[in-house]
Amino acid sequence: MELVKPEPLIIGGRPHYTLTSYDPVSIEVDVASTSDADVELALQMTVTQMGGGPAELNNEAWIRENFEGLHNAAELRELVRQELTAMNAQAAEQQKTQKCAQALASRLMQSVLNTSVIQMQQAVAESFAYSMQEQGITEAQFLARSGMRKSDLQAMLAAQAKDAAEQEAAISAWLDHRKLQMSDDELPEYLGLPSMDDPRKMMQSLRSSGQLEAAREFALRNKALEIIVAEASCTYRHETPAEAQARTAKVRASLTAQLQAQRQKPNASRERPKLKLV
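Here we take up the environment of glutamine 95. With respect to the helices and strands, the residue glutamine 95 is situated in helix 3 (residues 73–105). Measuring from C-alpha to C-alpha, the distance between glutamine 95 and valine 31 comes to 9.5 Å, with 64 residues separating the pair along the chain. The residues touching glutamine 95, leaving out its near neighbours within four places in the chain, are Val29 and Asp30.

We now examine the layout of surface pockets. Summary: where empty space remains is shown by rolling a probe the size of a single water molecule over the atoms. Volume-wise, the largest pocket comes out at about 1200 Å³. Lining of the largest pocket is provided by 34 residues; of these, Glu168, Ala169, Ser172, Glu217 and Arg221 occupy positions nearest its centre.

The next subject is the packing of aromatic side chains. In total, this model carries 2 aromatic pairs according to the counting rule given. Ring centres of tryptophan 62 and phenylalanine 67 lie 6.0 Å apart, and the angle between their planes is 65 degrees; this geometry places the pair in the edge-to-face category. For the pair tryptophan 62 and phenylalanine 67, one class covers both residues: buried. Ring geometry for phenylalanine 128 versus phenylalanine 142: centroids 5.3 Å apart, planes at 80 degrees, classification edge-to-face. Of this pair, phenylalanine 128 sits in helix 4 (residues 114–135) while phenylalanine 142 sits in helix 5 (residues 139–146); the two residues are 14 residues apart in sequence, bridging distant segments of the chain. Classification of phenylalanine 128 as buried rests on a relative accessible area of 14%.

If you check helix 4, its first and last C-alpha atoms are 31 Å apart, about what 22 residues at 1.5 Å a residue would give, namely 32 Å. Looking only at helix 4, the buried set comprises Val117, Met120, Val124, Phe128 and Met132. Relative to the axis of helix 4, the buried residues are bounded by an arc of 115 degrees and lie together on one face. In this structure, helix 4 carries Thr115, Gln119, Gln122, Glu126, Gln133 and Glu134 as exposed residues pointing more than 90 degrees from its buried face. In this fold, the buried residues of helix 4 make contact with helix 5 and helix 6 (150–178). Glycine 136 sits one or two residues past helix 4 and shows a positive phi near 75 degrees.

About the criteria used
- Counting of residues starts from 1 at the beginning of each chain's written sequence and follows it residue by residue.
- For a predicted model such as this one, the threshold for reporting local features is a pLDDT of at least 70, and the threshold for listing and counting side-chain atom pairs is 80 or more; totals across whole chains, interfaces and linings nevertheless cover every residue.
- To obtain the side-chain values, all non-hydrogen atoms of the structure were used and water was disregarded.
- Here a strand is any run of E in DSSP of at least two residues, a helix any run of H or I of at least four, and the numbering for each starts at the N terminus.
- Between two residues, a contact is recorded if the distance between any of their heavy atoms is within 4.5 Å.
- In this analysis, the protein atoms alone were mapped onto a 1 Å grid. Cavities are point sets where a 1.4 Å probe fits without being able to get out; pockets are open sets with protein on both sides within 12 Å along at least five of seven lines; lining residues have an atom within 4 Å of a point.
- Grid points are joined across faces, edges and corners, and a volume is the space filled by probe spheres set on the points.
- Pairing of aromatic rings covers Phe, Tyr and Trp, the last through its six-membered ring, and needs centres within 6.5 Å; plane angles under 30 degrees mean stacked, over 60 mean edge-to-face, and all others mean tilted.
- In this scheme, a residue with accessible area under 20% of its type's maximum is buried, one over 50% is exposed, and one in between is partly exposed, where area comes from a 1.4 Å probe on protein chains only.
- Take the residue count of a helix, subtract one, and multiply by 1.5 Å to get its expected span.
- Comment: arc refers to directions from the helix axis out to C-beta atoms.

Rendered as structure tokens:
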């Protein structure tokens, strides 16, 4: 039977959340392998995107023309392997933030206010719509490719919103406990603008638009997550050969669908690939 948590106290007009523990969290991060099958699949897709086929891998002149600085298939294959390995390592590191937030949310002692969940649902829906726009596909196309029904999609987005609201509440509780502060000098860094020439203009703009406090809260959560991740105990779980094979099969199906969609675009560009393949 699921435990029914009490609602948070409202203090100073905002919900006050607490955690069962404020100790560093423990997480397990999945690390994908770079198998030969992954490399060959990515190599095939790269060549296909440039208008070539299997025969072009034996054509050094074609490789030199289409891939600057490379001379043959062996060099192209090695570059693909390096890129995939780097991407797998980056993906593993990126898991840390999400898994730390999830672990912290599991310690939440109160239920999240329904109003917070509704606000998060709107943000998640907008993010999903933007993602679809960036990929150049409609919701109907997404549903067709994923095999989901619209009700399944709505349920998935609602679950994501609830999880995100709980994570935000847990970070808020952690912040209150640690009494973490955000100075004006730190704002550009934790808003993702570390190289801004004149931070004072940013502060003036945020203040005049009434967005300064919201920006400060956003930056403060980013700072908190950075500390939570740094203090976390992390175990790396490396992918098994069977798991790698299953993942590669899914990636192959996804990339094939993406390639077909690109071919259907009337003005598909032929830019040189950046080798971000999966």
